[in-house]
Amino acid sequence: MSEIQDRVQLRPSWKSRIGGEFEQEYMHNLRQFLIQEKGAGKIIYPEGKNIFNAMNLLPFEEVKVVIIGQDPYHGPGQAHGLCFSVMPGVAPPPSLKNIFKEIHTDLGVQPANHGCLNSWAQQGVLLLNSVLTVEQNRAASHHGKGWERFTDAVIQTLNSEHSGLVFFLWGSYAQKKGAIIDKKRHLVLQSVHPSPLSAHRGFFGNKHFSKANAYLQGHAKTPINWELPLVNEGTT
């Protein structure tokens, strides 16, 4: 393994499969871009230690469900490396609130008092943004810088080396991102995005959470407990 790969803080089960991406020119260019942005005094989210959080919370072989997002939240204290998730003590954004509403309708689960989705990740849900960094207060500011190619490699590896995964593709962006997924090997669940702009056009009522669990059980896998554990208010 090269010195570059050695420096990357990534679980061995992921590094052994996608570590070669860090040797590619596009990743070198992406590293230089991030260094320059930080050098110019720009605030980048999430913190460096959390950039690969989606994979570091979940070994490759334990992935059961994949939720694909776009890029991290760009407000202070929100992003921590899992798509749609925010740290405890941070108010859940509108799309996440709508996700909780659908879970309640679908499964009768009451929303928790926070929006941290760590417990999903620990059960086998890969919460993968297409782009893994963003500049403060500038949505989509790091699109086209190389992250999309990296996360394409992640999705392709999941697609080819796993079978019986469930992919949630919410909105046209995620659906284009997931076009490479083999629907004969995996369950692909599609709907509009949970954003307030579109949720009423097919996200509400999609029953993706119960459908995912039924599929997992049908493939002899433990279903996901979508109910988040309560946390003490103000916990970080």
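Residues numbered from 1 in each chain as written. Predicted model: local features only at pLDDT ≥ 70, side-chain atom pairs only at ≥ 80, totals over all residues. Heavy atoms only, no water.

Details of the overall build of the protein chain
Rule in force here: Helix numbers and strand numbers start at the N terminus; a helix is a DSSP run of H or I with at least 4 residues, a strand a run of E with at least 2. Each radius of gyration is computed over the set of C-alpha atoms, and the globule rule expresses the reference value as 2.2 Å times the number of residues to the power 0.38. Classification of residues uses two cut-offs on accessible area relative to the type maximum, computed with a 1.4 Å probe and protein chains only: under 20% is buried, over 50% is exposed, and between them is partly exposed. We call two residues in contact whenever any of their non-hydrogen atoms come within 4.5 Å of each other. In this count, Lys and Arg are taken as positive residues and Asp and Glu as negative ones, while His and the chain termini are left out. By convention, the point assigned to a charge is CZ for Arg, NZ for Lys, CD for Glu and CG for Asp.
Helices and strands together make up the secondary structure of the protein chain, namely nine helices and six strands. Taken over C-alpha atoms, the radius of gyration comes to 17 Å for the protein chain, in line with the 18 Å a tight globule of 236 residues would show. C-alpha atoms of the protein chain, sized along the principal axes, occupy 45 × 40 × 30 Å. Here the protein chain holds 236 residues, and the buried ones make up 52% of them. Across the protein chain, every contact between residues at least 6 apart in sequence was considered, and the portion connecting residues at least 24 apart equals 68%. Distance between charge centroids for the protein chain: 5 Å, based on 23 positive and 19 negative side chains.

Some thoughts on the environment of F167
Structurally, F167 can be placed in strand 5 (residues 166–170). Judged by its relative accessible area of 0%, F167 is buried. As for F167 and L228, which are separated by 61 residues in sequence, their C-alpha atoms are 20 Å apart.

A short note on the pattern of salt bridges
Pairing between side chains of opposite charge can happen when the charged atoms of each approach one another. Which entries qualify depends on this criterion: Basic side-chain nitrogens of Lys or Arg form a salt bridge, by our definition, when they fall within 4 Å of a carboxyl oxygen of Asp or Glu.
Summed over all chains, the structure comprises four salt bridges. The residue E161 makes a salt bridge to R17 at a minimum N-O spacing of 2.9 Å. Linking E161 in helix 7 (residues 147–161) with R17 in helix 2 (residues 12–18), this pair joins segments that are 144 residues apart in sequence. Accessibility expressed as a relative area gives 46% for E161, which makes it partly exposed.

As for the layout of surface pockets
Gaps left between atoms are located by rolling a probe of water-molecule size over the structure's atoms. Which entries qualify depends on this criterion: Using only the protein atoms, space was sampled on a 1 Å grid; points where a 1.4 Å probe fits but cannot get out form cavities, open sets with protein on both sides within 12 Å along at least five of seven lines form pockets, and lining residues are those with an atom within 4 Å of a point. Grid points are joined across faces, edges and corners, and a volume is the space filled by probe spheres set on the points. Only Asp, Glu, Lys and Arg are considered charged, only Ala, Val, Leu, Ile, Met, Phe, Trp, Tyr, Cys and Pro nonpolar, and every remaining residue, Gly among them, polar.
Taken as a whole, the largest pocket holds about 480 Å³ of empty space. What lines the largest pocket is a set of 20 residues, and nearest its centre among them are V8, R31, G48, I51 and F52. Looking at the lining of the largest pocket, the elements that each hand over two or more residues are helix 1 (3–7) and helix 3 (25–39). In terms of residue class, the lining of the largest pocket is made up of 12 nonpolar, four polar and four charged. In this structure, the second largest pocket spans a volume of roughly 400 Å³.

Observations concerning helix 3
Turn by turn, an α-helix covers 3.6 residues, leaving residues three or four places apart pointing in a common direction. Under the convention used in this document: Helix span, expected: 1.5 Å multiplied by one less than the number of residues in the helix.
Between its first and last C-alpha, helix 3 extends 21 Å over 15 residues, near the 21 Å set by a 1.5 Å rise per residue. Those residues of helix 3 that are buried are in contact with strand 1 (44–45), strand 4 (134–135) and helix 7. Just downstream of helix 3 lies G41, where phi reads positive at about 90°.

Overview of the environment of H143
In this structure, H143 sits in the loop between strand 4 and helix 7. Between the C-alpha atoms of H143 and Q70, which are 73 residues apart in sequence, the distance is 9.1 Å. Ignoring any residue separated from it by four or fewer positions in sequence, one finds H143 in contact with Q70, D71, V131, E148 and Y173.

A few points about unusual backbone geometry
Along the chain, Y45 connects to P46 via a cis peptide bond; the corresponding omega equals -10°. On the secondary structure map, P46 appears in the loop between strand 1 and helix 4 (53–56). Unusually for a residue other than glycine, K207 sits at a positive phi of about 55°. Mapped onto the elements, K207 comes out in the loop between strand 6 (187–191) and helix 9 (208–218). Look at K207 and you get partly exposed, because its relative accessible area is 39%. Phi is positive for A220, close to 60°, though the residue is something other than glycine. Structurally, A220 can be placed in the segment after helix 9. On the basis of relative accessibility, which here comes to 76%, the residue A220 falls in the exposed class.

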